[in-house]
Amino acid sequence: MVSFFLHRLRLALITIFGVTLLVFIAARLSGDVVYTLVDASAGQEEIDKMRRQLDLDKPVWLQYISYVGHVARGDFGRSIRYQRPVVEVIAERIQKTVQLGLAAFAVAVSLGISLGILAARTRGSLIDRAARTLAVLAQSMPHFWIGIMAILIFAVILRWLPTSGSGTWQHLVMPALTLATFPMAAIMRITRSSMLETLDAEYVKFLRVKGLAERLIVWKHALRNALIPVVALSGIQLGNLLGGAVIVETVFSWPGLGNLMVESIVSRDYPVIQSGVLMIAVFLITLNFLVDLVFGVIDPRIRYN
Amino acid sequence: MGGTSTKDGVLLEVRDLEMSIFADGGNRIVRAVNGLSFTLRRGRTMGIIGESGSGKSMTSLSILRLLPRGARILGGQVLFDGRDLVSLAERDLRRMRGRHIAMILQDPMVSLDPLYRVGDQVAEPLRTHQGMGGDALRARVIELLGAVGIPAPESRFNQYPHQMSGGMLQRIVGAAAISCGPELLIADEPTTALDPTVQAQYLDLLEELQQRTGLALIVITHDLGVAARLCDDVIVMYAGRAAEKAPVRTLFERPAHPYTQALLSTLPGRRAPDDIKVDAHKRLPTIEGQPPDLAALPPGCPFAPRCPRADAKCRTEMPPEVSLATDHSAACWYPTT
Amino acid sequence: MSTITPGPLLAVEKLQKHYAQSRSMFLRTQAGVVKAVDGVSFQVPVGATLGLVGESGCGKSTTARLLLRLEDPTGGRIQFDGKDVHGAVGPALRDYRTNVQAVFQDPYSSLNPRMRVAGIIGEPLSANRAISAGELRDAVAEVMQTVGLNPQSAQRFPHEFSGGQRQRIAIARSLILRPRLLVLDEPVSALDVSIRAQILNLLMDLQEQFGLSYLLISHDLDVIAEMCNEIAVMYLGQIAEIGPAAEIVDNPRHPYTQALFSARLPAHPDGVSARIRLTGDIPSPLNPPSGCRFRTRCPQVMPVCAERVPPVTHLPNGHLASCHLLNESVVLGV
């Protein structure tokens, strides 16, 4: 288990290193930042001065080394738009996104897995068919549409919940549920099919032959086996949540990281974009690392390999 | 089980068992078992022999009522120690499984849950049926593992299935099957490509288990050689029916049903050694044609289309089971006597 | 039998396939060599059948893959019709592949379910030669007839056929290029008893009709005994014993062959004989036992078996076996 852990950790660190390189290159390829920082009326002298200030006149590899050096020391530069350290700007926004994301993920996982098991156990019944229909609908409706409809119904017509913004738990309900729809449906479908496959396995048949109670067969044996692909998919879906968050945060004016990224792209606030992307990448890599560890806990075949 | 039956008493009696599988929403009815009857005495070994689609595996699953999806028992009785398993409540039947009737499935490599230690999986029937736990349970499991010939059972207890060889897993599955001291063990023969050494070890294991506990054994197989090696009595199945029932020696020496005779003649490589490749033109005897479609059985004898002895009567009327001697019968209009 | 000419069609000499177990980038894994096939020699004469038997993991399937040039050997020589196959490339390799075809175990997974039977059978021909649609159709019809399939059913799909018929389709596909050697890898293992004999008879008919040579791999000793002129018994990547079928079946000299054949099922309840029981599992080919590879499971093991690799002993009737027991000076302790 320890060598398995170390192996995964090494892979994660190498990936993070690769990401810094990609982020750095992508930022250089997106055009000359200097022109977005100076006035349109600025002369050549002013442009050159700005370039020198930002070290952009140095060779590219030196720029990269100084960039990695800064990042390693926690210095992500200053936001051009807010004129504050990027770390501060991102930190306050990321809290909001984590709040939204975790709420949505909790809903998606708990509902998705329970509905999936229910559908599998009642295969072919009305419940099963209803759950599957719902899943297809949830996966085919775009976030922004669900969000707008939710605002229309629950905020404008019924007046149960606030339309947008953040602060109270009521503010969280609609964006979290909107964000949860897609991953919930995906998790439900894979739980259902994985559970069905497991319940048909030979070892489940042998458990029945041994005379074990159905509840033991389903909850102790079948579920644990069925969860292996569900864990893999949940990791991916948590990553996808970040993508969905950009849209949902915009629809509900939720002051999170997604919202910040959109603003920063519009205003070409490249230190924020660069750090934001790096942040998201580190988050996803950490997530993958955790998913791998969960696999190791569930499955001895991975642990002992 | 504290029954009053004697050592030679009847343990299992199957009467007119009928089982069908309803596929395509009931549009296709696969008639898997069609009126099968047989009797098994305590401590004896019965071989159920047939090719794929003969209903041999479906028969064994019907006894434990572990039916595949869409399958229903349409008639008949399965009397185990006098109790009819067909009409037993699911709860009560579950108490029979693993405790009084055990079964070994075809492939030991996939018969165990990959996520749990093998010791725990051998322990499960004891926990469920006899309420054992703690150190006593652990000690009993280690004893069982040793009894089925697993070296160093204490250290094997904590291993996972993927850490063991096929032969070891076969023994683990055997240990789980006999853990509660069942009176009947049903062994479904491995059909996947199998080394002769592993197959021989498996048959040895079955024999050992039987000698150790005195249980009655039903062996499901496609190979007459398995019957010759292991069984007291044999049922040859064809299209869900018993073509012939006989003590093993009678079956090999005086087979009455043309299907049994054909099967015996197709066994390759079991001729006199000097026959081998002496005559380059020598060919193996074959049974021409294909087994019938169980969803569209012909009206008469199901073997008639492939039978050299068949006439008009065979093609229109189902032959009854004709008794030829004690314990020997054949479902044929023209049995060899 | 008039088409048979003497001389080996296929000659395999000290064939070797070692897989390097590479050191992983991050984990401390044991670097080593898996000796899947380790110095195997045999010959297949024109019109004859050589059987390869042994437990799973003995290297018989790897040997087949090497012969089919699906993998390259790490040592030794394969000669086909007197020509070296090892270095063959381009037209020489294509020529070899035309002459050596294969039939595999599972007729359910070895046929593309989305192709019509005519396409499956004709594919080797249309892929190898410029041929008109009419010629291809005629060739497919002819070969279907040869293997006992109705050419009328050429436009059907594999799932419309039974297991036995599918194996006939696979055999037809292997025959269409008119090869001289067929590698038969467990050709009847997935078939029912009554169908098995039909396919074995077909294979015997084809051998006689076209003077084909067979390399037959099977775990079924009855099939091997029935079909083969010669039998080679493999253990852990090496040939333990090789010789004429009657010799190996009736007069096995290597303890492994004796144990293997004693595991055969009896043909009659009276035929249940004492079996030589092997203990333990096959050792890993990554780290095979010193000396004789079979010594860890051999019921007649001697001290010398751990020290020295047993030499090949030439017995009467072209029968070869590698065992110290056959070497009198060793047995008598001279």
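Residues numbered from 1 in each chain as written. Chains lettered and ligands numbered in written order. Predicted model: local features only at pLDDT ≥ 70, side-chain atom pairs only at ≥ 80, totals over all residues. Heavy atoms only, no water.

Visitor: For this particular structure, what's the right way to read the overall build of chain B?
Guide: Looking only at helices and strands, chain B features 11 helices and 12 strands. Radius of gyration (C-alpha) of chain B: 21 Å, near the 20 Å computed for a compact globule of 337 residues. Dimensions of chain B along its principal axes, counting C-alpha atoms only, are 70 × 55 × 45 Å. Residues counted as buried form 55% of the 337 residues belonging to chain B. Within chain B, counting contacts between residues at least 6 apart in sequence, those at least 24 apart form 64% of the total. Element-wise, carbon and sulfur atoms account for 49% of the exposed surface of chain B, whose accessible area totals about 13,200 Å². Within chain B, one finds 38 positive and 38 negative side-chain charges whose respective centroids are separated by 2 Å. (Helix = DSSP H or I, 4+ residues; strand = E, 2+ residues; numbered from the N terminus. Rg over C-alpha atoms; globule rule 2.2 N^0.38 Å. Buried < 20%, exposed > 50% of the residue type's maximum accessible area, 1.4 Å probe, protein only. Contact = heavy atoms within 4.5 Å. Areas by Shrake-Rupley, 256 points an atom, 1.4 Å probe, with all protein chains shown as cover. Lys, Arg positive; Asp, Glu negative; His and termini not counted. Charge placed at Lys NZ, Arg CZ, Asp CG, Glu CD.)

Visitor: Can you help me understand the interface of chain B and chain C in this one?
Guide: A common measure of how large an interface is: the accessible area buried when the components associate. Contacts between chain B and chain C engage 45 residues on the former and 42 residues on the latter. Of the roughly 4,000 Å² buried between chain B and chain C on both sides combined, carbon and sulfur atoms contribute 53%. Seen at the junction of chain B and chain C, the total is three salt bridges. We note a salt bridge from E208 of chain B to R277 of chain C, for which the minimum N-O separation is 3.6 Å. Applying the counting rule to chain B against chain C returns 11 residue pairs in polar contact (both at pLDDT 80 or more). Elements represented by at least two residues in the side of chain B that touches chain C include exactly α7 (196–213), α8 (224–230), α9 (248–253) and α10 (258–266) of chain B. A total of eight residues in the side of chain B that touches chain C trace back to one element, the largest contributor, which is α7 of chain B. When the residues that make up the side of chain B that touches chain C are grouped by side-chain class, the tally is 17 nonpolar, 13 polar and 15 charged. (Buried area = accessible area lost by both parts, 1.4 Å probe. Salt bridge = Lys/Arg side-chain N within 4 Å of Asp/Glu carboxyl O. Polar contact = N/O pair within 3.5 Å; in protein donor to acceptor, adjacent residues only side chain to side chain. Nonpolar A, V, L, I, M, F, W, Y, C, P; charged D, E, K, R; others polar.)

Visitor: Help me out: how do you make sense of the sheet that holds strand β2 (residues 28–41) of chain B in this one?
Guide: Paired through their backbone hydrogen bonds, the strands of a sheet run either parallel or antiparallel. Residue and element names in this part refer to chain B. Ordered in space as β2-β1-β4-β5, the four strands form an open sheet in which the pairing is antiparallel. Looking at which strands have only one partner, the edges of the open sheet turn out to be β2 and β5 (83–84). Pairing between strand β1 (residues 10–23) and β2: 11 bridges, direction antiparallel. Residue V10 lies in a different strand from β2, and its bridge partner there is R41. (Pairing = 2+ DSSP bridges.)

Visitor: I'm lost on the interface of chain A and chain B in this one. Help?
Guide: The interface is formed by 25 residues belonging to chain A together with 28 residues belonging to chain B. Buried area between chain A and chain B, both sides added, is near 2,500 Å², and the carbon and sulfur share of it is 61%. By the criterion of area lost to chain B, the three top residues of chain A are F206, V209 and K210 of chain A, representing 27% of everything that side buries. In this assembly, chain A and chain B are joined by three salt bridges. Where K220 of chain A meets E124 of chain B, a salt bridge forms, and the shortest distance between an N and an O atom there is 3.2 Å. Connecting chain A to chain B are 11 residue pairs in polar contact (both at pLDDT 80 or more). For the side of chain A that touches chain B, the elements supplying multiple residues, two or more each, are α9 (202–209), α10 (214–251) and α13 (300–303) of chain A. A per-element tally of the side of chain A that touches chain B places α9 of chain A first, with seven residues. Its residues assigned to classes, the side of chain A that touches chain B comprises 10 nonpolar, three polar and 12 charged.

Visitor: Whenever I open this one, the nonpolar core confuses me. Can you help?
Guide: Nonpolar side chains in soluble globular proteins tend to be buried together. All names here are of chain B. Core analysis: the biggest nonpolar cluster contains 104 residues, and L12, F38, L85, L184, L185, L206 and I218 have the highest contact counts within it. Sorting elements by how many residues they give to this core places helix α6 (residues 166–178) first, with eight residues. Both of domain 1 (10–100 + 182–331) and domain 2 (109–181) provide at least three residues apiece to this core. The residues touching I218, leaving out its near neighbours within four places in the chain, are L12, F38, L40, M46, I48, I63, L184, L185, I186 and A187. (Core = buried A, V, L, I, M, F, W, Y, C linked by side-chain atoms within 4.5 Å. Domains from an automatic or database assignment.)

Visitor: Before we go on, may I ask you to explain the pairing of strand β12 (residues 328–331) of chain B in this structure?
Guide: For a regular strand, side chains alternate in direction, first toward one face of the sheet and then toward the other. Residue and element names in this part refer to chain B. Both faces of β12 are covered, namely the face carrying H328 and A330 and the face carrying S329 and A331. With two bridges connecting them, strand β10 (residues 241–247) and β12 associate as antiparallel partners. Within β12, the position partnered with E244 by the bridge is A330. Where strand β11 (residues 321–325) lies against β12, four bridges are found, and the strand directions are antiparallel. Looking at β12, one finds that V322 is bridged to A330. Turn length for the β11-β12 hairpin, with the two strands adjacent in sequence and antiparallel, is two residues, and the turn residue D327 shows positive phi of about 65 degrees.

Visitor: Teacher, can you tell me more about the sheet that holds strand β6 (residues 100–103) of chain C here?
Guide: All names here are of chain C. Spatial ordering of the open sheet is given by β6-β7-β8-β3-β9-β10-β12-β11, a layout of eight strands whose pairing is mixed. The outermost strands of the open sheet, each flanked by one partner alone, are β6 and β11 (312–315). Each adjacent strand pair in this sheet contributes to an overall mean axis angle of 20 degrees, direction not counted. Sheet strands in contact with helix α6 (residues 193–210) are β3 (49–53), β7 (181–185) and β8 (213–217), and its direction is about 155 degrees off that of β8. Those strands touched by helix α9 (residues 255–262) are β3, β9 (230–235) and β10 (238–244), and its axis lies near 105 degrees from that of β9. (Axes fitted to C-alpha atoms, helices over the stretch in contact; angles between N-to-C directions.)

Visitor: What am I meant to see in the packing of helix α5 (residues 163–175) of chain C against α6 of chain C here?
Guide: Residue and element names in this part refer to chain C. The N-to-C vectors of α5 and α6 enclose an angle of 20 degrees; their axes lie 10 Å apart at closest approach. Viewed along their axes, α5 and α6 adopt a mutual orientation that is roughly parallel. Both α5 and α6 take part in a crossing whose hand is right-handed. Residues G164, Q167, R168, I171 and L175 of α5 touch α6, and the partners they reach there are I195, Q198, I199, L202, L203 and L206. (Parallel < 35°, antiparallel > 145°, perpendicular 65-115°, else oblique. Left-handed = near helix turned anticlockwise from the far one by under 90°.)

Visitor: What am I meant to see in a nonpolar patch on the surface here?
Guide: Residues and elements named next belong to chain A. The grouping of L152, I153, F154, V156, I157, L158 and W160 at the surface amounts to a nonpolar patch, some 660 Å² of accessible area in total. Inspection of the secondary structure puts F154 in helix α7 (residues 143–157). For F154, a relative accessible area of 31% corresponds to the partly exposed category. (Patch = residues over 30% accessible without salt bridge, like charges linked within 9 Å, V, L, I, M, F, W, Y side chains within 5 Å.)

Visitor: Looking at this structure, how should I read the environment of S322 of chain C?
Guide: All names here are of chain C. Secondary-structure assignment places S322 in strand β12 (residues 319–322). Separated by 80 residues in sequence, S322 and I242 have C-alpha atoms that sit 9.3 Å apart. Every residue in contact with S322, bar those within four places of it in the chain, is listed here: I239, A240, H254, P310, P311 and V312.

Visitor: Just to check I follow, could you spell out α6 of chain B for this structure?
Guide: Owing to its 3.6 residues per turn, the α-helix aligns residues three or four sequence positions apart on the same side. Residue and element names in this part refer to chain B. With 13 residues, α6 should cover 18 Å at 1.5 Å per step; its first-to-last C-alpha distance of 19 Å lies within 8% of that length. With respect to burial, α6 is a largely interior element, 12 of its 13 residues being buried. Those residues of α6 that fall on the buried side of the exposure criterion are G167, M168, L169, Q170, R171, I172, V173, G174, A175, A176, A177 and I178. (Expected span 1.5 Å × (residues − 1).)

Visitor: What am I meant to see in the confidence of the model for chain B here?
Guide: Should pLDDT be low for a region, the predicted coordinates there are not to be read in detail. Residue and element names in this part refer to chain B. Here chain B shows a mean pLDDT of 88. Residues at 70 or above account for 91%. Taken as a whole, residues 1–7 scores under 50 in pLDDT and shows 10 contacts with residues more than four places along the chain or in a different chain. Here residues 269–280 scores under 50 on pLDDT; set against residues more than four positions off or in separate chains, the count is 22 contacts. (pLDDT = per-residue confidence, 0-100.)

Visitor: How should the pattern of salt bridges be read in this particular structure?
Guide: If the charged atoms of two oppositely charged side chains come close together, the side chains can form a pair. Taken as a whole and judged by the stated rule, the model has 37 salt bridges over all chains. For the salt bridge of R249 of chain B with D270 of chain C, the shortest nitrogen-to-oxygen distance reads 2.4 Å. Within this pair, whereas R249 of chain B is found in helix α9, its partner D270 of chain C is found in the loop between α9 and α10 (304–307), the two belonging to separate chains. A relative accessible area of 52% places D270 of chain C in the exposed class. The salt bridge partner of K17 of chain C is E71 of chain C, with a shortest N-O separation of 3.9 Å. Remark: E71 of chain C occurs in the loop between α1 (60–67) and β4 (75–80) and K17 of chain C occurs in strand β1 (residues 8–21); sequence separation between them is 54 residues. A relative accessible area of 10% means that K17 of chain C is categorised as buried. Overall, the relative accessible area of 16% leaves E71 of chain C in the buried class. Among the charged side chains, a salt-bridge network with shared partners connects D204, E207, E208 and R229 of chain B together with R277 of chain C.

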